[in-house]
Amino acid sequence: MNSKLLRKLPKVDELLMDERITEAAQGLLREQAVDAVRAAVEAVRREVLKAQEPLEEAFVSYEAIVEKAVAAVRYSHIKSLRRVINGTGVVLHTNLGRAKLSPAAMKAVAEVADKYSTLEYDPVKGGRGSRHVHVEKIIERITGAEAAMVVNNNAAATTICLAALGRGREIIISRGELVEIGGSFRVPEIMEESGAHLVEVGTTNKTRAADYRAGIGENTGAVMKVHTSNYKIIGFTEEVPLKELAELGHEAGLPVIYDMGSGLMISLRDYGIEEPTVREAMADGADVVLFSGDKLLGGPQGGVIIGKKKYIDMMKAHPLARILRVDKMTLAAMEATFREYYDDDNAREKIPVLAMLTRSNAELKKEAEKLLATIRQLAPEIGAGVCCTEDVVGGGSAPAAVLDGFGVAVECAGLSAKELEKKLREGELPVISRINHDQVLLDVRTLTADEYELIAARLREIDEELQA
Ligand SMILES: *Cc1c(COP(=O)(O)O)cnc(C)c1O
């Protein structure tokens, strides 16, 4: 009914010559600006066609479209994958990129990205080298394992491990460990995908050694334990500890695989985080241990596989190894991350994940006061006050651990908590907060001091937009 209006829509070429649009397009390639303008015109065209009521001619006026096109052109300056400010207090936030890299890891990534490298070159021999040596030796040294391998992520590590050790054979696993671990990674599906057959033993809440024994048969390839790192069954439960399971597996002559999820290298028990360390898992007798690179290890996305050389060699020889191999930037970041672990104190200081999880209460309180002072100074109209928080590790790690933290609760006259939370995350540099007791909360555990001013500036902007 409004199709007559379509003829009135300004042409893209005409719009592109408008001064307001050329100005907004400064710094963009021409095709980017064309795309943005075209998309803005298209959006109006669709609205016109969809409208059930007659529309005013002003709807398609030149001025109305220019306004929309300028907004679209401005928006196309912003990258889709970009920085955010994490004010949630969740250190391993899966949606926000999990682990932040250490300065050394970042530098290593930049160096191999920007320059040629020894990726598959041995400068001593003067010829072809292996891309795997860069991380394997150091992982063996730091974990004490006989052999090591790195693939794309822990899901890939599980897949190649089961494909190499369990294809066409049975893998014994407890029903209580057939879990889904974020992003639709389902342990049973991955297992089936690898060509291994799952033999579920026990029940959801209780699995005993006798259940495993009864499950083992002629065609059993391995016994597997999955650390149910993202949830906890409490109450009437029983599971077989890794150590006992390893003994049981070895008696039957079977390899024992342990998927531990978070690769915690140094104990954080003193900080309220009850997760087993990689060395403990090895000491308990697991033959193969799998973990993520970007959870508690604090490195890049990756799946680290360590254990007996015999089994790791089987995985390296598997065709999936080529498919799941990591790129040079991952290798660079992984090597640099493991190098920080020669010394525990050094790792706690240099690896951001560990530094954030071990920040003292006194320090967090002081930081919250600094953030508050910055907000009061730069955005005096914003209501703000320091408050206590309860933080979680995130990323499916240590689900039961609650860390005491500090934050700043903020409010803006005329906006509900939900509206303020939305405005904070919709800026060019999204500030991600959380809502607690109907208040917007900025938790300082995951913030750095240089972000305080950016947060305050955004709050001020929001307040000014409201006044205008
Ligand atoms: C997180 C997790 C995975 C998946 O790891 P990705 O590196 O994200 O692929 C697998 N198993 C366990 C036990 C986990 O906690």
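All values derive from a computational prediction rather than experimental measurement.

**Observations concerning the pattern of salt bridges**
And step 1. Scanning the entire structure with this criterion turns up 33 salt bridges.
And step 2. E120 is paired through a salt bridge with R128; the nearest N and O atoms lie 3.7 Å apart.
And step 3. Classification of E120 by relative accessible area gives partly exposed; the value is 25%.
And step 4. According to the relative accessible area criterion, R128 is exposed, its value standing at 64%.
And step 5. Here E363 and R359 are joined by a salt bridge, their closest N and O atoms 3.1 Å apart.
And step 6. In this structure R359 comes out as buried when scored by relative accessible area, which is 15%.
And step 7. Salt bridges sharing partners connect three or more residues here, namely E120, R128, R131 and R325.

**Considering the side chain of T374**
And step 1. Tracing the backbone through its elements, the reader meets T374 in helix 18 (residues 361-378).
And step 2. Side-chain polar atoms of T374 contact the backbone oxygen of K370, separated by 2.7 Å.
And step 3. Not counting the four nearest positions on each side in its chain, T374 is found in contact with A379, Y452, E453 and A456.

**What about the layout of surface pockets?**
And step 1. What the second largest pocket holds in volume is close to 570 Å³.
And step 2. Lining of the second largest pocket is provided by 16 residues; of these, R83, V84, L96, G97 and K100 occupy positions nearest its centre.
And step 3. Among the residues forming the lining of the second largest pocket, the class breakdown is six nonpolar, five polar and five charged.

**Topic: the sheet that holds strand 11 (residues 383-391)**
And step 1. What the four strands build is an open sheet, ordered 11-12-15-14; its pairing is antiparallel. Only two strands of the sheet have a single partner each, and these edge strands are strand 11 and strand 14 (434-436). Along the sheet, successive strands turn relative to each other by an average axial angle of 45°, direction set aside.
And step 2. Sheet analysis places strand 14 next to strand 15 (residues 439-443), joined by three bridges and oriented antiparallel. Following the sheet pairing, I435 is matched in strand 15 by V440.
And step 3. Contacting strand 12 (403-411), strand 14 and strand 15, helix 19 (residues 417-425) runs over the sheet at an angle of about 40° to strand 15.

**Remarks on the sheet that holds strand 7 (residues 220-226)**
And step 1. In spatial order, the strands read 4-10-9-8-7-5-6; together these seven strands make up an open sheet with mixed pairing. Lying at the two open borders of the sheet, with one neighbouring strand each, are strand 4 (147-151) and strand 6 (197-201). Ignoring which end each strand starts from, the neighbouring axes of this sheet average 25° apart.
And step 2. Bridge analysis of strand 9 (residues 288-292) against strand 10 (residues 303-307) gives five bridges, and the strand direction is antiparallel. Within strand 10, the position partnered with L290 by the bridge is I305.
And step 3. Docked against the sheet, helix 7 (residues 133-143) engages strand 4 and strand 10, running at close to 125° with respect to strand 4.
And step 4. Sheet strands touched by helix 11 (residues 242-251): strand 7 and strand 8 (256-262). Its angle to strand 8, the strand with the most contacts, is close to 155°.

**Observations regarding helix 13 (residues 309-316)**
And step 1. Looking at helix 13, one finds that the buried residues are Y311, I312 and M315. All buried residues of helix 13 lie within an arc of 95° about the axis, which places them on one face of the element.
And step 2. Buried residues along helix 13 sit in contact with strand 4, helix 8 (154-166), strand 9, strand 10 and helix 14 (320-323).

**Some points on the pairing of strand 15**
And step 1. Within strand 15, four of the five residues are buried, which leaves the element mostly enclosed by the surrounding structure.
And step 2. Of the strand pairs in this sheet, strand 12 and strand 15 are connected by four bridges, and their pairing is antiparallel. In the sheet register, V410 faces strand 15, and the bridge partner there is V440.
And step 3. Remark: two residues form the turn of the hairpin made by strand 14 and strand 15, two consecutive strands paired antiparallel; H437 in that turn has positive phi of roughly 50°.

**Section: the packing of aromatic side chains**
And step 1. Evaluation of the coordinates by the stated rule reveals one aromatic pair.
And step 2. When the centroid spacing of 6.4 Å and the interplanar angle of 50° are considered together, the rings of F338 and Y341 count as tilted.
And step 3. It is K68 that lies over the ring of F59; its NZ or CZ is 5.2 Å from the centre.

**Observations concerning the packing of helix 4 (residues 30-50) against helix 5 (residues 62-75)**
And step 1. One way to put it is that helix 4 packs onto helix 5 with a least axis distance of 8 Å and a crossing angle of 135°. Classified by the interaxial angle, the pair formed by helix 4 and helix 5 is oblique. Once helix 4 is placed against helix 5, the crossing between them reads as right-handed. Contacts between helix 4 and helix 5 involve A33, A36, V37, A40, V41 and V44 from the first element and I65, K68, A69, A72 and V73 from the second.
And step 2. In the contact of helix 4 with helix 5, the residues fall into 10 nonpolar, no polar and one charged.

The rules behind these values
Residues numbered from 1 in each chain as written. Predicted model: local features only at pLDDT ≥ 70, side-chain atom pairs only at ≥ 80, totals over all residues. Heavy atoms only, no water. Salt bridge = Lys/Arg side-chain N within 4 Å of Asp/Glu carboxyl O. Buried < 20%, exposed > 50% of the residue type's maximum accessible area, 1.4 Å probe, protein only. Helix = DSSP H or I, 4+ residues; strand = E, 2+ residues; numbered from the N terminus. Polar contact = N/O pair within 3.5 Å; in protein donor to acceptor, adjacent residues only side chain to side chain. Contact = heavy atoms within 4.5 Å. 1 Å grid on protein atoms, 1.4 Å probe; cavity = no way out; pocket = protein on both sides within 12 Å on 5 of 7 lines; lining within 4 Å. Points joined across faces, edges and corners; volume = space filled by probe spheres on them. Nonpolar A, V, L, I, M, F, W, Y, C, P; charged D, E, K, R; others polar. Pairing = 2+ DSSP bridges. Axes fitted to C-alpha atoms, helices over the stretch in contact; angles between N-to-C directions. Arc of directions from axis to C-beta. Phe/Tyr/Trp six-rings, centres within 6.5 Å; stacked < 30°, edge-to-face > 60°. Lys NZ or Arg CZ within 6 Å of the ring centre and 35° of its normal. Parallel < 35°, antiparallel > 145°, perpendicular 65-115°, else oblique. Left-handed = near helix turned anticlockwise from the far one by under 90°.

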